[in-house]
Amino acid sequence: MKFTKWQGCGNDFVLIDCREQEPEDYAALSQKVCDRHYGIGADGILVVLPSAKADFRMRIFNTDGSEAEMCGNGIRCFARYLYDYKLTSKTEFTVETGAGILVPKIILDGGKVTGVQVDMGEPHLLGEEIPVVGFDGRRVIAEPITVEGKTYAMTAVSMGNPHCVVFVDDAENFPIEELGTQFEHHEFFPRKTNTEFVEVKDRSHVRMRVWERGAAITLACGTGSCATVVAGVLNDKIDRKAEVQLDGGKLIVEWAANNHVFMTGPAELVFTGEWNG
Ligand code: ZDR
């Protein structure tokens, strides 16, 4: 099985083109492939499939085999694969995901790809849409959540996948390793959650670190960066366009007037290979 390996802000993925042939068990394949000692090593696998509704369909599986609805860093890598490997000649196309049909746009400078911008669609803010237990019909903005005896203010946002955004004074030193899994499995979140720990630098700059559902700490999270900017606006901490500084790079996110969230950032091919597993 041939594959390509990609990274976007250090969030890394193995991309497999399954338009012709699909594996029997995606969950098992993802667990094996993502293993950093016995496999290729990645935060998830991205699967290219045909779509009846869009130009292509993307599926993403986490390292633990669970399927995510969407992946922001992944879709930039996915889009660049389609363009670089000439599966499309268009610079803007549609991709069916678990979060609906999204529209990536290849950014060119003198014929060279410098990044990818993605229309990530509209954020979902009602409790049952995210989902967060006990918040049916209303938004979850700066609500108390208690973890290990300490209470934090959470703002919950779905970008197709669930996110819990917590503003902290010092993102660098926040004990994510100890607390991340407790947020992920908190009883508020029936489908578990990704959690972003965010320090506001000024109204257009934030520092964000993430604990990903099904993948633990990663260097970056695209949907999480979008959720962060939406949460920052809802709490009146930042403006609608901001730079999100992640462990592995930075993303520009804008929650536009039409309610769509636009994310811009890099997507890089790391290597290509053949999987013998
Ligand atoms: C966070 C993520 N890497 C991205 O860039 O958006 C998405 C991965 C999927 C995530 N772990 C989930 O929702 O289960």
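Residues numbered from 1 in each chain as written. Predicted model: local features only at pLDDT ≥ 70, side-chain atom pairs only at ≥ 80, totals over all residues. Heavy atoms only, no water.

*Asks:* Just to check I follow, could you spell out the overall build of the protein for this structure?
*Replies:* Looking only at helices and strands, the protein features 4 helices and 18 strands. Over its C-alpha trace the protein gives a radius of gyration of 18 Å, about what one expects of a compact globule, namely 19 Å for 277 residues. With respect to the three principal axes, the spread of C-alpha positions in the protein is 50 × 40 × 35 Å. Summarising the internal contacts of the protein: among those between residues at least 6 apart in sequence, 60% fall at separations of at least 24. (Helix = DSSP H or I, 4+ residues; strand = E, 2+ residues; numbered from the N terminus. Rg over C-alpha atoms; globule rule 2.2 N^0.38 Å. Contact = heavy atoms within 4.5 Å.)

*Asks:* Would you explain the site of the ligand in this entry?
*Replies:* Taken together, 14 residues are adjacent to the ligand, and Gly72, Arg213, Cys221, Gly222 and Thr223 come closest. Glycine 72 is positioned with one of its backbone polar atoms (N or O) 2.7 Å from an oxygen atom of the ligand. Taking arginine 213, its side chain carries an N or O atom lying 2.8 Å from an oxygen atom of the ligand. When isolated, the ligand has an accessible area of 380 Å², and the protein chains bury 100% of it. With respect to the detected pockets, the ligand is housed in the largest cavity. Of all the elements in the fold, those that place two or more residues in the shell around the ligand are helix H2 (72-84) and helix H4 (222-234). Residues of the shell around the ligand, tallied by class, amount to 4 nonpolar, 8 polar and 2 charged. (Near = heavy atom within 4 Å. Polar contact = N/O pair within 3.5 Å; in protein donor to acceptor, adjacent residues only side chain to side chain. Areas by Shrake-Rupley, 256 points an atom, 1.4 Å probe, with all protein chains shown as cover. 1 Å grid on protein atoms, 1.4 Å probe; cavity = no way out; pocket = protein on both sides within 12 Å on 5 of 7 lines; lining within 4 Å. Sits in = over half its atoms within 2 Å of the grid points. Nonpolar A, V, L, I, M, F, W, Y, C, P; charged D, E, K, R; others polar.)

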